[in-house]
Amino acid sequence: MSFVENFPCFSIVLCMAAGILSTPMKAKQAKCMTMGLVVLVTCLSFGTLLHVLSTGSSFVYTMGRFPAPWGNEIRAGVLEALMATIFSLVMLCSLAGGMDHVFRDIAETRINLYFILVDLLLSSLLAIIYTNDLFTAYVFVEINTIAACGMIMIRRSGRSLIAATRYMVMSLIGSGLFLIGLAMLYDITGHLLMENAHEAMIRLVQAGQYHMPLLVIISFITVGLAIKSGLYPFHSWMPDAYGYSTMSSSSILSSLVSKSYIILLIKIFYRVIGFDNMISSKIVDVLFVFGLVGMVMGSVSAIMAKDIYRMIAYSSIAQIGYVYMGIGLGTEAGMVAAVFHILTHAITKSLLFLSAKGLNDVSGRKKNFRALQGAAFRNPLSGAAFLVGSLSMVGIPMLAGFISKFLFATAAMGANPGKVLITLIVLAVSTILNAIYFLHTVIRIYTPLEESAGTEGSRGRMSVGAAAALFCLIFLNFALGLTSQPVTDLLQTGIEMFG
Amino acid sequence: MSKIRDDYESSLWNRLTRWVDGETDPYQGKMEMQPLREADVTGDSVYNPDRLDRRKVDRYLENTEKNKEIKAFRILYSLGSVALCLLLIAVLLLAVSWLPVLGDPNGPNNNEVSARYVEKGMEESGAVNMVTNMILSYRGFDTFGETCVLFIAATCVIILLRKNEEELENAKETDWKYEPKPDAILQKMTLVLVPIIFLYGFYIILNGHLSPGGGFSGGATIGAGLILYVTTFGFHKTQRFFDEKTYEIVKVGALSLYSVTMIYYFYTGANLIESRIPLGTPGNILSSGMILPINIFVGLEVACTMYAFFALFRRGGM
């Protein structure tokens, strides 16, 4: 076994150890350690990706001395390694971009606790991506939930506490449903490792046994994870949670945490329940319908939002709707489009949150649109970044968002005939709605202030880290938009490796 | 040149440009307005003067006497939620009735997995207690994750409830609220009981690989002993042997040693390197390889977490 295959395990356990070691540290030390750790994890994940690409097959790593049906395992294929790389990169950018706010929003004595949460959140994201074991997935979903909740409430202002409570309640309902589903799944298959559970599942379906519990299991797991990722009717916690927490938290929560549950869901679809069983259970149609409704309703709420953070938060609801719509198409092309959109949205949403933060800083820290007028001239880099992010979300060619919309439309053409027309129509409507609220904001920030209005908030000075983060995310956006073919091929191979 | 329309003001294009420019106010002329008072603090601070008016509005809206719609909505909402819960219960009961019978020897979960745990567990992991073998050795990664759940939960409680030093100083004047009244019977009983509880807790932890018990249950016992002590004698006396510094040292020490053990275990296990931790003879107190030290680490962490929860909720500090 080559040494590289240790990397996924190392990155998970190192994150946990770093979280533990942050407890007695001072704020600055904890910050340095966390940033170093995230850089290290990015490198390790990238190394894993290269290794998987060069060998052309996925590998399984036993966590301990006991192989598959007895001990824990993690598994790394192309999709897992790619996701881990991009996720840790986005994490790095979100932290670097929002660092000044972390030190401003959070009391000095609690900053090291913030980094504990960040470290453990990263470990849980990686573990959810890499896991090959259903119960490990659940344990790390738990860590993920608590860490995310802590990251919302650490500001300790009134609104963020309410937001954290809401998030907690919704998220725990989701965890509960997921756990019930897993328990019943174990009861009828007798396995927790994904491959063995899948084999048992195939036997059960062929024998026609346990049809009804299987249906309940599929719906509980799907609904539980959909609630946790904020699919449309369960989205009520999102605007508050993203709008009132410190900017790094909003960025990490919207671009990574909700996505990790979707990745877990896709993994369970393919590797445990089986794609054909999923289609025949009709649950994908349910996801499809709610995805479509979310695409429109999220955008409509975003148009009505009164401040820029809430607008971006509502836009996330629409984007989650896109992803579920792609899954709901029930074809492999739809799945590739959905996974590509996960990447697009992770990169673009963090870019939007960080640039909105930059614009907000030079506008007297008021969040309403009127105060933001002309902000792009006071802070040119943030303005440009917001422009790129908006155009990408609307779907302008050369940017990542265009490719995902294109992939969705192509996937829709190959889907079940009943779904083609409605998908295309809703896609078009949603694009126009996206354009309305994003371009409205872009025009607003590029409208100069009148002379008489006074200089509200002088020219902003961005820290080097924040500027570098914005540059990096803009670059990633263009990179994903211009080199979409190789990335789509990667995703295709990754999803095939799942089977 | 196109004709200038008289009703230019109300044309669609003009309204659109005005909306894009942000000059229109959708509520203008449609409702009674008061100029906003300037907020004291910027941002989304807790206090905001125009929230007082909003509170008035809220109070009016939530007044069910005057607002019939909200009353109807609330009734519908509670009926709906009860119906949803009943539906969920019905679905779950129905699904459970279809599941395999519990304890059926031919059931799907009596397979090769549990067979190996039962038959080979002692030989492969070295502990007599099968459950300990399973959670700390076969599925050690899950348990490490589970310990981190406890750790992060304690961190979140600290974020919410820990007071800073100034607040604790001020709290000293009102500390009598938190310090118990001296009670001779309680104190004598506690002096007798606490050592026994501690001893029993340590016994459960150290014997975790031989008999039922282990880090989680033993740690909870020790934590309960600490809580009993602090409720009887107060924080001042407890701080003589267990204050925040001790808590941090014990917790960080235990957890970091735990993670080092786990990294070693995963690395040697996956790379098929012979583990240098001897398994010993099953049944001896010093046996079962890494299970005994892990039980100790988990026990310390759980005891600290239990006590920390109590102290933070009671007083906001240790």
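The preceding data block contains the structure.
The rules behind the values
Residues numbered from 1 in each chain as written. Chains lettered and ligands numbered in written order. Predicted model: local features only at pLDDT ≥ 70, side-chain atom pairs only at ≥ 80, totals over all residues. Heavy atoms only, no water. Helix = DSSP H or I, 4+ residues; strand = E, 2+ residues; numbered from the N terminus. Buried < 20%, exposed > 50% of the residue type's maximum accessible area, 1.4 Å probe, protein only. Contact = heavy atoms within 4.5 Å. Phe/Tyr/Trp six-rings, centres within 6.5 Å; stacked < 30°, edge-to-face > 60°. Lys NZ or Arg CZ within 6 Å of the ring centre and 35° of its normal. Pairing = 2+ DSSP bridges. Bend = angle between axes of the 7 residues up to and from the residue. Core = buried A, V, L, I, M, F, W, Y, C linked by side-chain atoms within 4.5 Å. Patch = residues over 30% accessible without salt bridge, like charges linked within 9 Å, V, L, I, M, F, W, Y side chains within 5 Å. Areas by Shrake-Rupley, 256 points an atom, 1.4 Å probe, with all protein chains shown as cover. Salt bridge = Lys/Arg side-chain N within 4 Å of Asp/Glu carboxyl O. Buried area = accessible area lost by both parts, 1.4 Å probe. Polar contact = N/O pair within 3.5 Å; in protein donor to acceptor, adjacent residues only side chain to side chain.

S.K.: Just to check I follow, could you spell out the environment of Ile217 of chain A for this structure?
M.R.: Residues and elements named next belong to chain A. Mapped onto the elements, Ile217 comes out in helix H8 (residues 211-229). For Ile217, a relative accessible area of 0% gives the class buried. Sequence spacing of Ile217 and Leu185 is 32 residues, and the spatial spacing of their C-alpha atoms is 6.4 Å. Beyond its immediate chain neighbours, meaning those up to four positions away, Ile217 contacts Gly181, Met184, Leu185 and Ile188.

S.K.: I keep staring at the packing of aromatic side chains and nothing clicks. Help me out?
M.R.: Think of a pair of aromatic rings as described by two things: how far the centres are apart, and how the planes are tilted against each other in angle. Summed over the entire model, instances satisfying the criterion amount to 27 aromatic pairs over all chains. Measuring from ring centre to ring centre gives 6.1 Å for Trp237 of chain A and Tyr242 of chain A, while their planes differ by 90°; the resulting arrangement is edge-to-face. We classify Trp237 of chain A as buried; its relative accessible area is 3%. When the centroid spacing of 4.7 Å and the interplanar angle of 35° are considered together, the rings of Tyr229 of chain B and Phe233 of chain B count as tilted. Of this pair, Tyr229 of chain B and Phe233 of chain B both sit in helix H9 (residues 215-238), four residues apart, roughly one helical turn. We classify Tyr229 of chain B as buried; its relative accessible area is 13%. A residue is classified by how much of its surface remains accessible, and Phe233 of chain B, at 14% relative accessible area, is buried. Over the ring of Phe288 of chain A we find Lys419 of chain A; its NZ or CZ atom is 5.1 Å from the centre of that ring.

S.K.: When you look at the pairing of strand S2 (residues 72-76) of chain A in this model, what are you seeing that I'm missing?
M.R.: For a regular strand, side-chain orientation follows a simple rule: the groups alternate between the two sheet faces. Residues and elements named next belong to chain A. Within S2, five of the five residues are buried, leaving the element largely enclosed by the surrounding structure. Because side chains alternate across S2, one face comprises the buried residues Asn72, Ile74 and Ala76, and the other comprises Glu73 and Arg75, equally buried. Examined bridge by bridge, strand S1 (residues 59-63) and S2 share five bridges and lie antiparallel to one another. Residue Thr62 lies in a different strand from S2, and its bridge partner there is Glu73.

S.K.: What is the right way to read helix H4 (residues 112-125) of chain B from this model?
M.R.: Residue and element names in this part refer to chain B. The largest bend in H4 amounts to roughly 55° and is located at Glu119. Those residues of H4 that fall on the buried side of the exposure criterion are Val113, Arg116, Tyr117, Gly121, Glu124 and Ser125. Each element contacted by the buried residues of H4 is listed here: helix H5 (130-138) and helix H11 (291-314). Looking at the residues trailing H4, positive phi occurs at Gly126, about 90°.

S.K.: I keep staring at the nonpolar core and nothing clicks. Help me out?
M.R.: Membership of the largest hydrophobic core comes to 237 residues, with the highest contact counts inside it found for Ile327 and Phe386 of chain A. Excluding residues within four positions of it along the chain, Ile327 of chain A makes contact with Ile262, Ile266, Phe269, Val284, Leu287, Gly334, Met335 and Ala338 of chain A.

S.K.: Looking at this model, I keep getting lost on a nonpolar patch on the surface. Mind explaining?
M.R.: All names here are of chain B. Nonpolar side chains collect at one region of the surface, where Phe202, Leu206, Ile285, Leu286, Ile296 and Leu300 lie side by side and expose about 530 Å² of accessible area between them. Contributions of two or more residues to the nonpolar patch are made by helix H8 (184-206) and H11. With respect to the secondary-structure elements, Ile296 resides in helix H11.

S.K.: What is the right way to look at the side chain of Ser382 of chain A in this model?
M.R.: Its place among the elements puts Ser382 of chain A in helix H16 (residues 380-394). If sequence neighbours within four positions are ignored, Ser382 of chain A has contacts with Ser355, Gly358, Leu359, Met462 and Leu470 of chain A.

S.K.: Just to check I follow, could you spell out the pattern of salt bridges for this structure?
M.R.: Pairs can form between side chains of opposite charge once their charged atoms are near each other. Under the defined criterion, the tally for this structure stands at 14 salt bridges over all chains. Here Arg104 of chain A ties to Asp105 of chain A by a salt bridge, and the two come within 3.7 Å at their closest N and O atoms. Overall, Arg104 of chain A belongs to the partly exposed group, its relative accessible area being 38%. By relative accessible area, Asp105 of chain A is classed as buried at 16%. A salt bridge links Glu124 of chain B to Arg116 of chain B; the shortest N-O distance between them is 2.8 Å. Residue Glu124 of chain B is classed as buried on the basis of its relative accessible area, which comes to 16%. In this structure Arg116 of chain B comes out as buried when scored by relative accessible area, which is 17%.

S.K.: I keep staring at the interface of chain A and chain B and nothing clicks. Help me out?
M.R.: Frequently, the measure chosen for interface size is the accessible area removed from exposure when the parts meet. Of the residues lining the interface, 73 residues belong to chain A; the matching set on chain B comes to 59 residues. For the pair chain A and chain B, the two sides together bury roughly 6200 Å², of which 69% comes from carbon and sulfur. There are one salt bridge connecting chain A and chain B. When the shortest N-O distance is used, the salt bridge between Asp133 of chain A and Arg139 of chain B registers 2.7 Å. Scanning the region where chain A abuts chain B turns up 15 residue pairs in polar contact (both at pLDDT 80 or more).

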